[in-house]
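Close look at the chain arrangement
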Amino acid sequence: MAKTLVVAEKPSVARDIVNALPGPFQAPKDSYWESDDTIVTFAVGHLVGLKDPEAYDEKFKRWRMDDLPILPGKFELEPRDAKSKKQLKEIHNLMQREDVDRIVNACDAGREGELIFSYIYELAGIDKPVQRLWISSMTKQAIQDGFQRLRPGTEMTSLEEAARSRSEADWLVGMNATRAATLRGRAWVGGVVSLGRVQTPTLAMIVKREREIQAFTPEPYWLVHATFDPRYAGLWFEGDETRIFGDPERAPAIAAKVTGKDGVVESVERKEQREVAPLLYDLTSLQRDANRRFGFSARRTLQAAQSLYEGKKAITYPRTSSRYLSGDMVPQLKPTAGTLLGIKDYEAGARFVLDLDELPLKRVVNDARVSDHHAIIPTDIEHDINGFSPDERRVFDLVAKRFLAVFHPPARYQRTTVITVVEEERFRTRGKITLEAGWRGVYGLESEEEKIARQEEEGPDDSTAEIPPLEQGQKVRCVEAEVEAKETRPPPRYTEATLLSAMETAGKLIDDEELREAMKESGLGTPATRAEMIEALIRREYIERVGKDLQPTPKGLQVITMLEEHKITSPELTGDWEHRLSEIEHGDADRGAFMSDVAGFTDEIVKQIAALDKEKLRPVRVELGPCPRCGAETGEIIKENSRAYGCTSWKSREETGCGFVIWKKVAGRTLTPEIARQLLEEGKTREVLSGFKSRAGKHFRARLVLTPEGKVEFDFPARPTREGDSAETDEQQQAGEQAAAPEAAAAE
């Protein structure tokens, strides 16, 4: 009897398919299940990859600039490792069986899933018809429906071409640029200098922001706050500016001028505003929200979402770039809302949706904006949230509430702006009253973390204060006026939320949700790859997490300094390539032309790197002033080297000098020159720092203190405790043991 072979991407997916298809299935081996007419097997992610350069020619084992660029005429494939080779052989044996006359590609329905299957099939050496299972949900019904409408494998030709182009472009740029940069800059960067089509422009954005922060000079300014009778507050302004720069005497003079004086309400403007619900989630927007609200890394969010999709069958396919639904889904939207009715947190929102005679679908359904997969929504089966992990529960909560919110009316507010004039000085007061909660009602009372996240999204807002009934021309009295001294602040470092936004738009600052949608096909990477790219930059020690922030390490800074102005650092160029890959995927561009351009770029970037002046690559090392231990007598200074800020009296292991050193790496966090400078000049850091990690792997915050003996120690912020409890946690005690590494500074 002829049989169908089904190839899934993972063992768990294969098991779900076995459970959905008519059986019975037996498991003759651990690598597959078999029934009378169907065999189900699985890959374990990427079993096959492109061969390394030395597979094409032995001479490439040695890295030499003269051999670059390496441009294979035809890319060859090989198993990734011994374990992959074993499973690949099992799949090939099944593909080559005489009783197998048809193969179903059941790998993830997207570009990478197509690549995984294509590589496996190519190495099998067969020519059997292929059909494609394309589903957006792992529920039993969705799998069964998917098998009823299998698509011809030939429909996936364009997707396969885009997948192969992406893989080969990354090989060409990454392999050649990494070899060239390592040969040219290894001495100053340290070790292999890994470069890549997406990773390098992403790192360049983080480094550019860090340079803006380092070059920033705070500028003092002053605000004048006034309190009026009847009781309300106002902020002084002139034109569009509320800040007073350059004249420290002006703000106190204004405060003194108006205090105790009568004024008049010059104008009262009341406007009603409407705020529509945000669009449904794609993966990137889900990762951004989870980072803002819960501090989740992009990878952590993806892991929870993937588990909800595969294991719990609770949400639809998460690796999507669409925030819309397709028209054929309309009949299942109310049943999906019905599955949330029995969960207390969603009961009211679900009831509202179910009671609607007609769902508002204009902003929700758009077939033109759904290519491979629709937006992430809950599945239409009952959900046992008690079986969810804490991470899964939080991610599901975001998805479920967003799904219900899009069917609710806009939130309506009355915003009031009052202008008060006292002694010819103007003060502005803003107030906001919620007239109708609309979609915001789905979210109920905000938790503190949600409130903070919303304020971060919306920016500082002085419009929540209550304003008494006021009329134009009304006399008021300025009871008090106070001056607030402030300083301008540097641009914030990227968090994972803001970096994901920047990657989505190739570094362009775009806040408008609809405009961001239009930019998606020209971003850095794809929703499915961005989380791993951030993790790769961390693994390669180019960036590190410092609390919620992402900060470049000295190594990361040096890599981008070395490549200054080269095209490989350009987010716009990489975004253009991603757009062309999308066009190939949809049959609108030629793969051959794209690969020819990538090969030309690879040749260009190798020549640019080869032409770099080695002496100009020497990193600039900061000097931080006299050595606190011996500088007064010897004139020695504290100077940065690759691993520490140490006294220049150190000459070698035999001539260690006075031995003063502040290590760059303390409890997993890199200390910047500015932090080292604060320790030397003030004896401690000005702020409590985050980003430290104890030996147990726990993150903690502390202020650093430089002791009279020259040791760096932790000063932990006091925490409220119960009587008899110690304010210092176990993690802090463990971390305190490793305040400074017991090594000597290595001078350069």
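A brief look at the structure comes next. Note that the coordinates shown come from a computational prediction; the quantities given were computed from them, not determined experimentally.

Some points on the overall build of the protein
From N to C terminus, the protein includes 22 helices and 27 strands. When its C-alpha atoms are laid out on the principal axes, the protein stretches across 95 × 80 × 60 Å. By the burial criterion, 50% of the 748 residues in the protein qualify as buried. Within the protein, contacts between residues separated by at least 24 positions form 72% of all contacts whose residues are at least 6 apart in sequence. Summed over all atoms, the accessible surface of the protein reaches about 36100 Å², with 47% contributed by carbon and sulfur. A distance of 2 Å separates the average location of the 109 positive side-chain charges in the protein from that of its 128 negative side-chain charges.

Digging into the pairing of strand 4 (residues 38-42)
Of all 5 residues in strand 4, 5 are buried; the element is thus mostly enclosed. As judged from the 5 bridges shared by strand 1 (residues 3-8) and strand 4, these two strands associate in the parallel manner. Across the sheet, Thr4 pairs through a bridge with Thr38, a residue of strand 4. Pairing analysis gives 3 bridges linking strand 3 (residues 32-34) to strand 4, with the strands arranged antiparallel. Residue pairing in the sheet places Glu34 in a bridge with Ile39 of strand 4. Taken together, strand 3 and the strand that follows it, strand 4, pair antiparallel across an intervening segment of 3 residues.

Topic: unusual backbone geometry
Among all residues except glycine, the phi angle is most often negative; among peptide bonds, the trans geometry is most common. A cis amide bond, omega 0°, links Gly23 with the succeeding residue Pro24. Following Leu68, the chain continues into Pro69 via a peptide bond in cis, with omega recorded as 0°. Tracing the backbone through its elements, the reader meets Pro69 in the loop between strand 5 (48-50) and strand 6 (77-79). Located in the positive-phi region is Lys313, a residue other than glycine, with phi close to 60°. Position of Lys313 among the secondary structure elements: in the loop between helix 9 (298-310) and helix 10 (333-338).

A closer look at the nonpolar core
Within the largest apolar cluster, 79 residues are counted, with the highest numbers of intra-cluster contacts made by Met95, Ile103, Ile120 and Leu195. A total of 10 residues in this core trace back to one element, the largest contributor, which is helix 5 (residues 157-189). Among residues more than four places away in sequence, those in contact with Ile120 are Ala43, Leu47, Val48, Leu88, Ile91, His92 and Met95.

Remarks on the sheet that holds strand 2 (residues 26-29)
Within a sheet, each strand pairs with its neighbour through backbone hydrogen bonds, oriented either parallel or antiparallel. Spatial ordering of the open sheet is given by 2-3-4-1-7-8-9, a layout of 7 strands whose pairing is mixed. Each edge of the open sheet is held by one strand with a lone partner, namely strand 2 and strand 9 (151-152). Both strand 8 (residues 130-132) and strand 9 contribute to a ladder of 2 bridges, which runs antiparallel. Bridged to Gln131 within strand 9 is Pro152.

Quick word on the environment of Thr139
Among the secondary structure elements, Thr139 is positioned in the loop between strand 8 and helix 4 (140-148). Separated by 267 residues in sequence, Thr139 and Val406 place their C-alpha atoms 23 Å apart. What Thr139 contacts, discounting residues up to four positions off in sequence, is Lys313, Thr379 and Ile381.

Quick word on the pairing of strand 14 (residues 411-422)
Where strand 13 (residues 262-275) and strand 14 come together, 11 bridges link them in antiparallel fashion. Paired with Ser267 across the strands is Ile419, a residue of strand 14. As defined by bridge partners, strand 14 adjoins strand 15 (residues 425-436) across 11 bridges and the pair is classed as antiparallel. The residue bridging Arg415 from the neighbouring strand is Lys432, located in strand 15. Hairpin geometry of strand 14 and strand 15 is characterised by an intervening segment of 2 residues between the two adjacent antiparallel strands and by a positive phi of about 50° at Glu423.

Topic: the pattern of salt bridges
By the definition in use, this model includes 55 salt bridges. A salt bridge links Arg179 to Glu54; the shortest N-O distance between them is 3.4 Å. Of the two residues, Arg179 sits in helix 5 while Glu54 sits in the loop between strand 5 and strand 6, which places them 125 residues apart along the sequence. In this structure Glu54 comes out as partly exposed when scored by relative accessible area, which is 29%. A single salt-bridge network, built from bridges that share partners, covers Arg111, Glu112, Arg166, Asp170, Arg197, Glu578 and Glu585.

Let's talk about the state of the cysteines
One pass over the full model with this rule turns up 0 disulfides. Its sulfur unpaired, Cys630 is 3.6 Å from the next cysteine sulfur, which belongs to Cys647. Cys658 takes part in no disulfide bond, and the closest cysteine sulfur to it belongs to Cys647, at a distance of 3.6 Å. Using a relative accessible area of 23% as the deciding quantity, one classes Cys658 as partly exposed.

Quick notes on empty space enclosed by the protein
Per the counting criterion, the structure on display carries 3 cavities of 30 Å³ or more. Reported here for the largest cavity is a volume of approximately 90 Å³. The wall of the largest cavity is formed by Val13, Ile17, Ala106, Cys107, Asp108, Ala109, Arg132, Leu133, Ile135, Met138, Tyr309 and Tyr317. Along the lines of polarity and charge, the residues of the lining of the largest cavity split into 10 nonpolar, no polar and 2 charged. Roughly 50 Å³ of volume is contained in the second largest cavity.

A few points about the packing of aromatic side chains
Counted by the stated rule, this structure contains 20 aromatic pairs. An angle of 90° between the planes, with centres 6.0 Å apart, marks the rings of Trp439 and Tyr443 as edge-to-face. The burial state of Trp439 is the same as that of Tyr443; both residues are buried. Here a set of aromatic residues connected by ring pairs shows up, and it is made of Phe692, Phe700, Phe714 and Phe716.

A closer look at the packing of helix 5 against helix 18 (residues 571-585)
Taken N-terminus to C-terminus, the directions of helix 5 and helix 18 make an angle of 150°; their axes are 7 Å apart at the nearest point. Overall, the two elements helix 5 and helix 18 adopt an arrangement that is roughly antiparallel. On the side of helix 5, the interface is formed by Ser158, Leu159, Glu161, Ala162, Ser165, Arg166 and Val173, while helix 18 contributes Trp577, Leu581, Ile584 and Glu585. Class assignment of the residues belonging to the contact of helix 5 with helix 18 gives a composition of 6 nonpolar, 2 polar and 3 charged.

Details of the sheet that holds strand 27 (residues 712-715)
With antiparallel pairing, 3 strands are arranged side by side in an open sheet as 25-26-27. On the outer flanks of this sheet lie strand 25 (689-693) and strand 27, each paired with one strand and no other. Across this sheet, the average inter-strand angle for adjacent strands is 65°, counted without regard to direction. Sheet topology places strand 26 (residues 699-706) next to strand 27; 4 bridges connect them, and they run antiparallel.

Reading the values: rules and limits
Residues numbered from 1 in each chain as written. Predicted model: local features only at pLDDT ≥ 70, side-chain atom pairs only at ≥ 80, totals over all residues. Heavy atoms only, no water. Helix = DSSP H or I, 4+ residues; strand = E, 2+ residues; numbered from the N terminus. Buried < 20%, exposed > 50% of the residue type's maximum accessible area, 1.4 Å probe, protein only. Contact = heavy atoms within 4.5 Å. Areas by Shrake-Rupley, 256 points an atom, 1.4 Å probe, with all protein chains shown as cover. Lys, Arg positive; Asp, Glu negative; His and termini not counted. Charge placed at Lys NZ, Arg CZ, Asp CG, Glu CD. Pairing = 2+ DSSP bridges. Core = buried A, V, L, I, M, F, W, Y, C linked by side-chain atoms within 4.5 Å. Salt bridge = Lys/Arg side-chain N within 4 Å of Asp/Glu carboxyl O. Disulfide = S-S within 2.5 Å. 1 Å grid on protein atoms, 1.4 Å probe; cavity = no way out; pocket = protein on both sides within 12 Å on 5 of 7 lines; lining within 4 Å. Points joined across faces, edges and corners; volume = space filled by probe spheres on them. Nonpolar A, V, L, I, M, F, W, Y, C, P; charged D, E, K, R; others polar. Phe/Tyr/Trp six-rings, centres within 6.5 Å; stacked < 30°, edge-to-face > 60°. Axes fitted to C-alpha atoms, helices over the stretch in contact; angles between N-to-C directions. Parallel < 35°, antiparallel > 145°, perpendicular 65-115°, else oblique.

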